Amino acid sequence: PPVDGRLAVAQALLAVQNGEALGMERAFSGYRGPKDLPDEELAYSVPSFLARSRLWLGDVKGARQICEENVDHYDDPSLQQLVTLSAFAWVACVEGQLTEAGELAGRALASAEPMGLTGHPIMVEILCAQGRVAFERGDLVSAERLFEQSLSISEGIRPALALVSQLLLARVWLAEGR
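Rules behind the numbers
- Residues numbered from 1 in each chain as written.
- Predicted model: local features only at pLDDT ≥ 70, side-chain atom pairs only at ≥ 80, totals over all residues.
- Heavy atoms only, no water.
- Helix = DSSP H or I, 4+ residues; strand = E, 2+ residues; numbered from the N terminus.
- Buried < 20%, exposed > 50% of the residue type's maximum accessible area, 1.4 Å probe, protein only.
- Lys, Arg positive; Asp, Glu negative; His and termini not counted.
- Salt bridge = Lys/Arg side-chain N within 4 Å of Asp/Glu carboxyl O.
- Contact = heavy atoms within 4.5 Å.
- Phe/Tyr/Trp six-rings, centres within 6.5 Å; stacked < 30°, edge-to-face > 60°.
- pLDDT = per-residue confidence, 0-100.
- Expected span 1.5 Å × (residues − 1).

Now for the side chain of Arg158. You can see Arg158 is positioned in the loop between α9 (140-154) and α10 (159-175). Among buried charged residues, Arg158 stands out as having no salt bridge; its nearest opposite-charge side chain is Glu125, 6.5 Å away. Those residues in contact with Arg158 that sit more than four places away from it in its chain are Leu13, Val16, Gln17, Pro121 and Ile122.

This next bit is on the pattern of salt bridges. Taken as a whole and judged by the stated rule, the model has eleven salt bridges. Residue Glu136 is joined to Arg132 by a salt bridge in which the shortest nitrogen-to-oxygen separation is 3.7 Å. Here Arg132 and Glu136 lie together in helix α8 (residues 123-136), a separation of four residues that amounts to about one turn. On the basis of relative accessibility, which here comes to 38%, the residue Glu136 falls in the partly exposed class. Because the salt bridges share partners, they merge into one network encompassing Arg64, Glu68, Glu95 and Glu100.

Turning our attention to the packing of aromatic side chains. Taken as a whole and judged by the stated rule, the model has one aromatic pair. Centre to centre, the rings of Phe28 and Phe49 are 5.9 Å apart; their planes meet at 40°, and the pair counts as tilted. Remark: Phe49 occurs in helix α4 (residues 46-56) and Phe28 occurs in the loop between α2 (21-27) and α3 (40-43); sequence separation between them is 21 residues. Both residues of the pair, Phe28 and Phe49, belong to the buried class.

Counting all residues, the mean pLDDT for the chain is 87, and 92% of those residues have values of 70 or more. Within the chain, α3 has the poorest average pLDDT of any element, 68, and α9 the best, 96.

Between the first and last C-alpha of α10 there are 24 Å, a value that for 17 residues agrees with the 24 Å anticipated at 1.5 Å per step. Packing partners of the buried residues in α10 comprise α4, α6 (79-95), α8 and α9. At the C-terminal side of α10, Gly177 shows a positive phi close to 85°.

A few words now on the side chain of Ser111. Mapped onto the elements of the fold, Ser111 is located in helix α7 (residues 98-112). Dropping the residues within four chain positions of it, Ser111 is found in contact with Asp76, Pro77, Gln81 and Leu82.

Along the chain, Phe88 falls in helix α6. If near-sequence neighbours (up to four positions away) are discounted, Phe88 is found in contact with Arg64, Cys67, Glu68, Val71, Glu100 and Leu104.

Moving on, we come to the environment of Leu151. You can see Leu151 is positioned in helix α9. Looking at Leu151, the relative accessible area reads 14%, which means it is buried. When the C-alpha positions of Leu151 and Cys93 are compared, they lie 18 Å apart, and in sequence the two are 58 residues distant. If we ignore the near neighbours within four places in the chain, the residues touching Leu151 are Ala162, Ser165, Gln166 and Leu169.

Glancing now at the environment of Pro121. The topology assignment puts Pro121 in the loop between α7 and α8. In sequence terms Pro121 and Ser154 are 33 residues apart; their C-alpha atoms lie 6.2 Å from each other. Once residues lying within four places of it in the same chain are set aside, the contact partners of Pro121 are Ile153, Ile157 and Arg158.

Next comes the structure, spelled out in structure tokens:
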């Protein structure tokens with residue numbers, strides 16, 4: 001029997017905090033799609049969870065497809081769009097599509113600031129995407145600042161994402177010869 005929608009979203013949130021891709025997939029296994037969730041307020045988060053799980057399981061194409069199908073379904077700006085843009089920016093980074101990643105992260109950042117979400121955990125992937133773009137363009141000072149910001153947001157609440165931020169920061173330090 002399907003699990004209550006709120007419980008499914010809570011289970012997926014715990015899974016993302018712990019870096020458990022299969023946990024995110026399991027949380028929504030009783031639903032064919034977001035529209036099947038009884039609580040519309042939470043249904044918007046399903047595509048971003050599924051995109052992250054697909055990405056973490058190595059299905060970059062599947063993650064991109066989920067993001068492309070959902071990024072323009074929400075008002076601009078809105079939390080729903082920000083969540084999807086955040087996931088999409090990181091997917092583009094992983095694909096090596098740095099121009100697109102920078103544009104998506106820029107859109108997400110522009111949406112987050114007026115909503116007062118600059119220190120929110122949703123910003124971690126946005127900052128990492130921007131940092132990755134800066135790193136690849138040789139702007140190590142900006143990359144370091146962005147990765148440190150993402151780490152300061154994630155270290156207390158999302159250990160799996162904090163680890164990614166730490167690894168990216170270590171790459172900057174290695175590039176600087178530290």
